[in-house]
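Each chain, letter by letter, is given below.
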Amino acid sequence: MIRINENYTKLKASYLFADIAKRVNAYVAAHPQLPIIRLGIGDVTEPLPPVCLAALHAATDEMAHRATFKGYGPEQGYAFLREAVAQHDFKAHGAPIEADEIFISDGSKCDVANIQEIFAADTRLAIPDPVYPVYVDTNVMAGRTGANQDGRYAGITYLESTAANGYVPAPPAVSPSNPPAVSPSNPPAVSPSNPPAVAAELIYLCFPNNPTGAVATRAQLAAWVAYAKQHHAVILFDAAYESYIRTPGIPRSIYEIEGARDVAIEFRSYSKLAGFTGLRCAYTVVPKSLKARDADGNEHAIHALWNRRHTTKFNGVSYPVQKAAAAVYTAEGQAQTRALTDFYLGNAKLIREAVQQLGMSCIGGDNAPYIWVNTGRDSWEFFDLLLHKAQVVCTPGAGFGRCGEGHVRISAFNSRENVTTALTRIAAALR
Ligand code: MLT
């Protein structure tokens, strides 16, 4: 009989948000009379910016005429969108990125999941804790880890993000006294108290952070770029929530840091910027100066490898959707997306204030649409309490990693009315 990829058996039974949906659906089925408010998964609720909608309609109409009809587009995306991205998202912020270094895709989740396959099977990983679970799970699927022991996979260097470091981990120390892993199938789990003997080669960073909402300063990102340069590592920088940054001076892109072109890949999305979670459009930046080596020490451009993968496995984002994304870069698009993200940040402020009034500490919500709440109790227990007593869905911190225990993530993505109702219900439930 055909055999399975046994790495899948190392995974938790289901994906975090699928697990939550199952619990919520069971509750809804048992209590159909109690309306639920969802502040769990970060899914947007407000309609598309009008300028994006108009572009979507117009481009769809173009498909109705032979003269303007479009079939397959370039796998990497249309030039009109790649050029707008390079100009507005990077060059305008002093980040030296060219249009042909942009790969348009249908979502950052897929891109951050797929990127690992162009690196060697024994690549050493550094992944934050707590973390967006896709980074970990896709590396488990690819066989880069050992088994899960007490919520941690052997072979991963966990970058602990806690109140002690302001939720922004520094590059890990490399301990010469810690002997290298003897067996790739059972390497030791490493953490700040058990530093790795060799440096990480593939480093996942996400700022503004999901789930904590923390942001990294220029100096903190510069330290990571320096580490990556020193150890010939690659940083995978997830900037899906960049449009929520409001504090002046916080970098929007890792490419604002000098030298980052040589060590980093960046992921961006229109989902939280322009409400595209249902429309699907994102992009990945792979600078041409980013190199990695083969087993014989020969250098290869990562750009060429990702281009090879992208053209083989992906057929491009639809023309109307790319037109809708390009509309974000018009003057109206800039104003409308700013209003949209301001609206969700208004929700976030209400959530933060309400949480603090209830006597719990929290971070996030000022440069991010997530509020990371220290509940002081078991995170799944707190999730159940809010679901059963307030009919409010949050995300239990333990689902993001061991350091998430004791916390929940509350999302600011909902209508103002639902957010205020949820906060009233939470206050009543905790009284
Ligand atoms: C989240 O809730 O963490 C995000 O919505 C998940 C995603 O963007 O895939």
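Before any of the text, the structure's been laid out above.
Scope of this entry: the structure provided in the associated data block.

Rules of the game
- Numbering of residues starts from 1 in each chain and follows the order in which that chain's sequence is written.
- Local features in this predicted model are restricted to residues of pLDDT 70 or higher, and side-chain atom pairs are both shown and tallied only at a pLDDT of 80 or more, whereas totals for entire chains, interfaces and linings draw on every residue.
- The basis for every side-chain value is the complete set of non-hydrogen atoms in the structure, without hydrogens or water.
- Aromatic pairs are defined between Phe, Tyr and Trp rings, using the six-membered ring for Trp, whenever the two ring centres lie within 6.5 Å; interplanar angles under 30 degrees are classed as stacked, those over 60 as edge-to-face, and all others as tilted.
- Only DSSP runs of H or I covering at least 4 residues are called helices, and only runs of E covering at least 2 are called strands; the numbering of each starts at the N terminus.
- Any residue under 20% of the maximum accessible area for its type is buried, any over 50% is exposed, and the rest in between are partly exposed; the area is computed with a 1.4 Å probe on protein chains only.
- Consider the ring centre and the ring normal. A charge sits over the ring if Lys NZ or Arg CZ is within 6 Å of that centre and within 35 degrees of that normal.
- Strands qualify as paired when DSSP identifies two bridges or more between them.
- Axis geometry follows a simple rule: fit a line to the C-alpha atoms, using only the stretch in contact for helices, then measure angles between N-to-C directions, giving values from 0 to 180 degrees.
- Whether two residues are in contact is decided by their heavy atoms: any pair within 4.5 Å suffices.
- For this description, a residue counts as near a given molecule or strand if any of its non-hydrogen atoms is within 4 Å of it.
- Contacts described as polar in this section are N or O atom pairs within 3.5 Å, which, within protein, must combine one atom able to donate a hydrogen with one able to accept it, while residues neighboring in sequence count only if both atoms come from side chains.
- In this description, accessible areas are obtained by the Shrake-Rupley approach with a 1.4 Å probe, and a residue is regarded as covered only by the protein chains that are shown.
- In the scheme used here, Gly and all other residues not listed as nonpolar or charged are polar, with Ala, Val, Leu, Ile, Met, Phe, Trp, Tyr, Cys and Pro taken as nonpolar and Asp, Glu, Lys and Arg as charged.

A few words now on the packing of aromatic side chains. The final tally for this structure, using the stated rule, is 20 aromatic pairs. Where F90 meets Y255, the ring centres are 6.0 Å apart and the plane angle is 65°; that geometry is what we call edge-to-face. Of this pair, F90 sits in helix α3 (residues 79-90) while Y255 sits in the loop between β8 (234-238) and β9 (264-269), and the two are 165 residues apart along the sequence. Assigned by exposure class, F90 and Y255 land together as buried. Taken together through their ring pairs, the aromatic side chains of F90, Y255, Y270, F276, Y283 and Y329 make up a single cluster. The ring of Y370 has R409 lying over it, and the distance from NZ or CZ to the ring centre is 3.8 Å.

All right, on to the pairing of strand β17 (residues 407-411) then. When you tally the buried positions in β17, you get five out of five residues, the bulk of the element. Burial of the side chains of β17 extends over both faces: H407, R409 and S411 are buried on one face and V408 and I410 on the other. When strand β14 (residues 370-374) meets β17, the two strands line up antiparallel, connected through five bridges. Directly across from Y370, in β17, lies its bridge partner S411. Sheet analysis places strand β16 (residues 395-396) next to β17, joined by two bridges and oriented antiparallel. Of the residues in β17, the one forming a bridge with P396 is V408.

We now examine the sheet that holds strand β10 (residues 282-285). Note: strands within a sheet are paired through backbone hydrogen bonds, in either parallel or antiparallel orientation. An order of β2-β10-β9-β8-β7-β3-β6 is seen for the seven strands of this open sheet, with the pairing classed as mixed. Single-partner strands in this sheet number two, and they are β2 (102-105) and β6 (156-160). If you compare each strand with its neighbour and ignore which way they point, the axes differ by 20° on average. In terms of strand pairing, strand β7 (residues 202-206) meets β8 through five bridges, oriented parallel. When the sheet's bridge partners are listed, L202 is paired in β8 with V234. The sheet strands contacting helix α6 (residues 218-231) are β6, β7 and β8, and the helix crosses β8 at an angle near 150°. Sitting on the sheet, helix α8 (residues 302-313) touches β2, β9 and β10, and the angle it makes with β2 is about 25°.

Looking now at the site of the ligand. Around the ligand, the surrounding shell consists of F17, I41, G42, Y132, N210, Y241, K272, Y370 and R409. Side-chain polar atom of Y132 to an oxygen atom of the ligand: 2.5 Å apart, as the coordinates give it. The separation between an oxygen atom of the ligand and a polar side-chain atom of R409 is 2.7 Å. When the ligand sits alone it has 270 Å² of accessible area, and the protein chains cover 84% of it. In terms of residue class, the shell around the ligand is built from five nonpolar, two polar and two charged.

What the four strands build is an open sheet, ordered β13-β14-β17-β16; its pairing is antiparallel. Every interior strand has two partners, whereas the edge strands, β13 (361-364) and β16, have only one. As defined by bridge partners, β13 adjoins β14 across four bridges and the pair is classed as antiparallel. Residue pairing for β14: C362 is matched across the bridge by V373.

As a further point, take the side chain of E101. Mapped onto the secondary structure, E101 falls in the loop between α3 and β2. On the basis of relative accessibility, which here comes to 2%, the residue E101 falls in the buried class. A polar contact is formed between the side chain of E101 and the backbone nitrogen of K288, at a distance of 2.8 Å. Not counting residues up to four positions away in its chain, the partners in contact with E101 are R82, P96, R261, T284, V285, V286, P287, K288 and H303.

By themselves, these are just geometric observations and shouldn't be taken as functional.
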